[in-house]
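# Structure at a glance
Take a look at the letters that make up each chain.
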Amino acid sequence: MSNVVLEVNELTTKYVTRFGEDVYAVDHVSLKLEEGKSLGIAGESGCGKSTLALSLMGYYFPPLHYTSGEIIINGTNISKMSPDKVRKLILGREIAYIPQAAMNALNPTQRIINFIEDVFQAHDPNKNKKEIYETARKSFELLGLPAEVLQKYPVELSGGMKQRTVIAISVLLHPKVLIADEPSSALDVTSQKMVIKMLRNLMENGFVKSMIFITHELPLLYNVTDNIMVMYAGQIVEIGTAKETVFDPLHPYAKGLMGSIIVPEEGLRDVKLTAIPGTPPNLKNPPDGCRFAARCKYALPQCKVGSIDLRPAGNGRFYRCIFSEQELREAYKHG
Amino acid sequence: MKHLIQQVFRSGKFVTGFAIFVAILLIVIIYPRIITDPPLAIIGQGTFFEPGIYVNVYDSIVSPHYTLNLDVAATKRIASKLNDEDRLAIKEWLVAAGIPENEIDSENTEKLLDQWVNNYDPAQKISGMTNAKRNYFIRLNNSLKGLLSTEGVSIAVKNAETASLEETGVVVQSDYVNVSQVSNVRVLPLGTDNFGRDVLTELVAATRVSLQIGFVAGIVATLIGLILGLLSGYVGGLVDDAIMFITNLFTVIPSFVLLILISFSIGQDQRGAFTIAVVIGFTSWVWTARAVRSQVISLRNRDHVNLSKLSGHSIGHIIIRDILPYIASYVVMALILQISSGILAEAGLSILGLGPRTTEVPTLGLMMNWGLIYQAHILGKWWAYFPVIIVIALISFSMNLMNTGLDQVFNPALRD
Amino acid sequence: MADEKTLYLRASGLTKAFGFGRWKTVAVDHVDIDLYEGEVVSIVGMSGSGKTTLAKMLLGLIGPTEGEIYFQGKKRDISSRRKKKEYWKNIQAIFQDPFSSYNTFNKIDSVLLDCIHMRDGRKLPYAKKVELMTEACSFVNLKFEELTNKYPFELSGGQMQRLMIARIFLLKPKILLADEPTSMVDACSRATILDELMKLRDEIGMTVIFITHDVGLAYYVSDKVYIMEHGRFVESGTPDEVILHPKETYTRRLINDVPKIYEEWDLSTV
């Protein structure tokens, strides 16, 4: 039983709109990250995966508000910490977060090394420039980035290179957990591959103890993470190993999602893609019962009442549906 | 559309600016209906009458008189005649005449005068006093003599036949008239200018003319800028090159110099208010054209424009329905700024004497010009130029405020 | 096989260069392409490969610097507005971003009405127009009576893109150019859109050209694939030929860089 690096219990966070309405973007989410393992989060836009990533840092600012739940990293509960303390102690040291299009965070008027100096000095004012340069150079080389990058300006680097630089900078302080939100979606396939390779490297080299990877591109998740969590309308609907989730999904939404994957591999021209009609529910007034019921082709009246909890399916797998595993697999066989 | 207007009026800055502007407009429209005098009528004989209430003396003599016995009346009468200089001079003389200084209080008019009357002797020699000073004291004494008497003043009419004066009445110091019974009272809140014109009436009329000039100049400039910007941005190619060439010419030559040159060459006769407005419009369209052009260039490659083309719409249709609405907010803001700068440009021209003809209508700039030429600022006649400055500042301020408010509405990134 | 199908469009030596002398950039470099009736063709390329410029030239939105285009056997003539309109009855497009394809100030009805007018339907009675629009919407599983009089911002991305397909249904062009039609749409709606496009192709025998960077999409849906790099076609053929057994180095590298799930994805070749 390896070390649990990050534990999240029933985390609920909300957005407050301009008109004072509450939108619960993350609704009672629980997860456990073990050392040496990575977790992928998949889902449509608006399902709450990016909000979850933001919430996990413990760094809340309006309109995002913390409601309830715990976030325990390395034994410390950070969910009620003040933003200042979070910034000083947690960000960068325990948890590193890379938002979407992070490469735009690089200051176009500063060389990369100056940017890194800023990062270091914010956390550890005692390090001098020489030490910083050495640490940075060593880390960069370990991660496959040439040392010349340090002396360059962001505008001299390609998109892929910039993204990899930002990832490298965010792990310089060796955080326990790295959270990456769509790190490669703005890049072409070749740069994407380099980013993926680097992320795998980070895990293998022990730079970070574990990683959370968020994307809507499922083939990527399968190749990077050990476990996959599928989110829908702010809730976890399925969680299991990558192989299980992609090849044997249980929850009807997960099944639909996996059925829409297109890969250029032999024999896949004849497979029918699954389409899921309709749109996700409005999180201002989430419906009773299963939030996916309105679009689910197997839905019964029982699905639309009460609240549906996650049920275990053995080996740490969970899914949120009233049907049993056999019932679901039978239904899928018949289409 | 309705939603947009609601949002616009929720912006504090816009509403403030709009309120000030509307207030100015209302005054400009309503004032002439109350006070119907022509603004350039010369009503004062003499220059720079101070602001105040002017009561016709003749009418007050023939109005019913009322007797009021007020204690302070005498003191006030004398106090108004004796200014600080005179008081100090009296004190000086009294001290020189031997009255101990601590008994003299230059503030206490009654006592001071008492001491003066009792002690003044024109023949008395004071050492160190010049002839001029001695004459001054004689004059002072004479003017004070009349004040202290309680005789009243006689009103006499000249008999046409005998050429002698016949007393028709007496005006006593305790006679008062009710101002509302005097048939001719004129309030001049801002006095008169150097020509003798009522500054307030003139100011209202000038504001109206300046606003009109500003509107016309702004509309002309915005229209030219919009049309040239649209054409050069959308059509591109040679048309763009040609229009940009003209724009560059106008940029390189400072617009104000151009304005002066054109204004000068038109000649005094042709320079009416409308002509000046059009001339200002013709020289200030440049930045509007540039800005519209760059917006249009970025818009013309948008998908909805391409789709419009693929649906067979003509260039005119595309420009009006697919491009214009997207730049409309910008054009409105540009219009507001052009109006504001048109007013300022006219003021600038007029100060230099190159504005509209001075004999027809006043403009804000012209009033400044008169103030400058006739040295109102040196003479301390603040009412001839200061209110004008405030009005110009208010107009500019309110328009810029409206503009900032609109900017925040149309560009959510700027909201605080 | 190819002789049975009609040749709709032939482009030869198509080139587009911007700028002069030292600053000259060639976006499309002597491209040849033949498009037959009912074919589904994919042009695959990364950003900067020139595929969008090529699409715009085929559409007639940009003029080529060099090269000829023949439409239905005759040299394409789009010199006047009327000739352009005639050409565009036969070739249309769907763009990548559904949100920017609509004029936000107009109701969505105008988009469909424009299509009816383009097919000389301006004089039809309004009821008949509504009938046509309802039919077009139901083809893409949308209800016209729910959408009428709405503005674009009231619809979702998927609905907007499908409305674009309804537009094509009304126009019934011979050739449809789809520029990344599914990249900005959720995974769940992707299948729906591809389905509807193929249904349309089956109904009216339309040629569909997909412009995309998604190799998986090209593999799944096309009869013919062209790989484009730096303005040139590097390789072309059937999906099995080009994607499963690529010959050129560039193509091989490209296919390798796409993440796989059934086969082992080799990361060492970066």
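Residues numbered from 1 in each chain as written. Chains lettered and ligands numbered in written order. Predicted model: local features only at pLDDT ≥ 70, side-chain atom pairs only at ≥ 80, totals over all residues.

### Concerning the overall build of chain C
In terms of helices and strands, chain C carries 10 helices and 10 strands. Compactness check: chain C gives a C-alpha radius of gyration of 19 Å against a globular reference of 18 Å for 270 residues, within 12% of the reference. A principal-axis box enclosing the C-alpha atoms of chain C has dimensions of 60 × 45 × 45 Å. Residues classed as buried in chain C amount to 44% of the 270 residues present. Counted over contacts in chain C with a minimum sequence separation of 6, partners at least 24 positions apart contribute 69%. (Helix = DSSP H or I, 4+ residues; strand = E, 2+ residues; numbered from the N terminus. Rg over C-alpha atoms; globule rule 2.2 N^0.38 Å. Buried ≥ 20, exposed ≤ 12 C-beta atoms within 10 Å, placed from the backbone. Contact = placed C-beta atoms within 7 Å.)

### A short note on the overall build of chain A
When its secondary structure is counted, chain A shows 10 helices and 12 strands. Its C-alpha atoms give chain A a radius of gyration of 21 Å, within 12% of the compact-globule value 20 Å for 335 residues. Across its three principal directions, the C-alpha atoms of chain A cover 65 × 50 × 45 Å. Counting every position in chain A, which comprises 335 residues, the buried fraction comes to 42%.

### As for the interface of chain A and chain C
On the side of chain C, 32 residues touch chain A, which itself brings 31 residues to the contact. In terms of residue count, the dominant contributor to the side of chain A that touches chain C is helix H6 (residues 189-204) of chain A (seven residues). Its residues assigned to classes, the side of chain A that touches chain C shows 15 nonpolar, eight polar and eight charged. (Nonpolar A, V, L, I, M, F, W, Y, C, P; charged D, E, K, R; others polar.)

### Topic: the packing of helix H8 (residues 199-235) of chain B against helix H9 (residues 237-252) of chain B
Residues and elements named next belong to chain B. Relative orientation of the contacting elements H8 and H9 amounts to 140°, with a least axis distance of 7 Å. The orientation of H8 relative to H9 falls into the category oblique. By crossing handedness, the relation of H8 to H9 is classed as left-handed. On H9, the residues that touch Leu228, Leu231, Ser232 and Val235 of H8 are Gly237, Val239, Asp240, Ile243 and Met244. Classifying every residue of the contact of H8 with H9 by side-chain character gives six nonpolar, two polar and one charged. (Axes fitted to C-alpha atoms, helices over the stretch in contact; angles between N-to-C directions. Parallel < 35°, antiparallel > 145°, perpendicular 65-115°, else oblique. Left-handed = near helix turned anticlockwise from the far one by under 90°.)

### Considerations on the pairing of strand E3 (residues 40-45) of chain C
Along a regular strand, successive side chains alternate from one face of the sheet to the other. All names here are of chain C. Counting buried positions along E3 yields six of six residues, so the element is predominantly enclosed. Residues of E3 alternate between two faces, with Val40, Ser42 and Val44 on one and Val41, Ile43 and Gly45 on the opposite face, all of them buried. Note: E3 against strand E8 (residues 207-212), five bridges, orientation parallel. What sits directly across from valine 40, in E8, is valine 208. Bridge count between E3 and strand E9 (residues 224-229): five bridges; the pairing is parallel. By the bridge assignment for E9, glycine 45 is matched with methionine 228. (Pairing = 2+ DSSP bridges.)

### Some remarks on helix H1 (residues 49-56) of chain A
All names here are of chain A. Most of H1 is tucked away, with six of its eight residues classed as buried. Every buried residue of H1 is listed here: Lys49, Thr51, Leu52, Ala53, Ser55 and Leu56. Remark: glycine 58 follows H1 within two positions and exhibits a positive phi of approximately 80°.

### Remarks on the sheet that holds strand E9 (residues 227-232) of chain A
All names here are of chain A. Ordered in space as E6-E7-E8-E3-E9-E10-E12-E11, the eight strands form an open sheet in which the pairing is mixed. Two strands lie at the open edges of the sheet, namely strand E6 (95-98) and strand E11 (311-312), each paired on one side alone. With four bridges connecting them, strand E3 (residues 38-42) and strand E8 (residues 210-214) associate as parallel partners. Directly across from isoleucine 41, in E8, lies its bridge partner isoleucine 214.

### A short note on the nonpolar core
Ranked by internal contacts, the top residues of the largest apolar core, which has 169 residues, are Ile95, Val177, Ile179 and Val230 of chain A together with Ile165, Leu177 and Ile209 of chain C. The greatest single-element share of this core, amounting to nine residues, is contributed by helix H6 (residues 157-171) of chain C. Setting aside residues no more than four positions away along its own chain, leucine 177 of chain C makes contact with Ala55, Leu58, Leu59, Ile91, Ala93, Ile209 and Ile211 of chain C. Grouped together as the second largest cluster of nonpolar side chains are 67 residues, Val220, Ala347, Tyr385 and Met399 of chain B included. (Core = buried A, V, L, I, M, F, W, Y, C linked by C-beta atoms within 7 Å.)

### Regarding the interface of chain B and chain C
Every contact between the two is made by 13 residues of chain B and, on the other side, 16 residues of chain C. Of all elements in the fold, only helix H13 (303-310) and helix H14 (315-351) of chain B reach the threshold of two or more residues within the side of chain B that touches chain C. Ranked by the residues each element gives to the side of chain B that touches chain C, the list is headed by H13 of chain B, at six residues. Counted by class, the side of chain B that touches chain C contains three nonpolar, five polar and five charged residues.

### As for the sheet that holds strand E2 (residues 25-36) of chain C
Residues and elements named next belong to chain C. Sheet architecture is open: four strands sit in the order E2-E1-E4-E5, paired in antiparallel fashion. Single-partner strands in this sheet number two, and they are E2 and strand E5 (74-75). The pairing of strand E1 (residues 7-18) with strand E4 (residues 66-71) spans five bridges and is antiparallel. Note that in E4 the partner of leucine 9 across the bridge is phenylalanine 71.

### A look at the pairing of strand E1 (residues 4-16) of chain A
Residues and elements named next belong to chain A. Where E1 meets strand E2 (residues 22-34), eight bridges bridge the pair, whose relative direction is antiparallel. Within the sheet, the bridge partner assigned to leucine 6 lies in E2 and is leucine 33. The hairpin turn running from E1 into E2, its antiparallel successor, is five residues long, and glycine 20 in that turn takes a positive phi close to 85°. Sheet topology places E1 next to strand E4 (residues 64-73); eight bridges connect them, and they run antiparallel. Among the inter-strand pairings, tyrosine 15 is bridged to a residue of E4, identified as leucine 64.

### A few points about the environment of lysine 88 of chain A
Tracing the backbone through its elements, the reader meets lysine 88 of chain A in helix H2 (residues 83-90). Taking C-alpha positions, lysine 88 of chain A is 26 Å from lysine 37 of chain A, a pair spaced 51 residues apart along the chain.

### Quick word on the arrangement of the chains
Most contacts, compared over the two pairs of chains touching, are made between chains A and C. Spatially, chain A and chain B are disjoint, and the shortest separation between their C-alpha atoms is 13 Å.

### Concerning the confidence of the model for chain A
Per-residue pLDDT for chain A averages 86, and the proportion of residues at 70 or more is 99%. Mean pLDDT across the elements of chain A ranges from a minimum in H2 of chain A, with 80, to a maximum in E9 of chain A, with 92. (pLDDT = per-residue confidence, 0-100.)

### Overview of the packing of H8 of chain B against helix H12 (residues 286-299) of chain B
Residue and element names in this part refer to chain B. One way to put it is that H8 packs onto H12 with a least axis distance of 7 Å and a crossing angle of 35°. For the crossing formed where H8 meets H12, the hand is right-handed. Residue-level contacts link Ala221, Thr222, Gly225, Leu226, Leu228, Gly229, Leu230, Ser232, Gly233 and Tyr234 of H8 to Thr288, Ala289, Val292, Arg293, Val296 and Ile297 of H12. Classifying every residue of the contact of H8 with H12 by side-chain character gives nine nonpolar, six polar and one charged.

### Some points on helix H11 (residues 273-283) of chain B
In an α-helix, one turn spans 3.6 residues; hence positions three or four apart end up facing the same way. Regarding H11 of chain B, the residues found buried are Ile276, Ala277, Val279, Ile280, Gly281 and Thr283 of chain B. In the core, the buried residues of H11 of chain B are packed alongside H8, helix H10 (255-266) and H14 of chain B.

### As for the environment of threonine 192 of chain C
All names here are of chain C. For threonine 192, the position within the fold is in helix H7 (residues 187-204). Judged by the 24 C-beta atoms lying within 10 Å of it, threonine 192 falls in the buried class. Between the C-alpha atoms of threonine 192 and glycine 158, which are 34 residues apart in sequence, the distance is 9.1 Å.

### Topic: the confidence of the model for chain C
Here chain C averages 88 in pLDDT, and 98% of its residues register 70 or above. The complex prediction reports pTM at 0.77, with the ipTM value standing at 0.89.

### Some details on unusual backbone geometry
One non-glycine residue, asparagine 315 of chain A, adopts positive backbone phi at about 60°. Its identity is not glycine, yet histidine 30 of chain C carries a phi of approximately 50°, on the positive side. With respect to the helices and strands, the residue histidine 30 of chain C is situated in strand E2.

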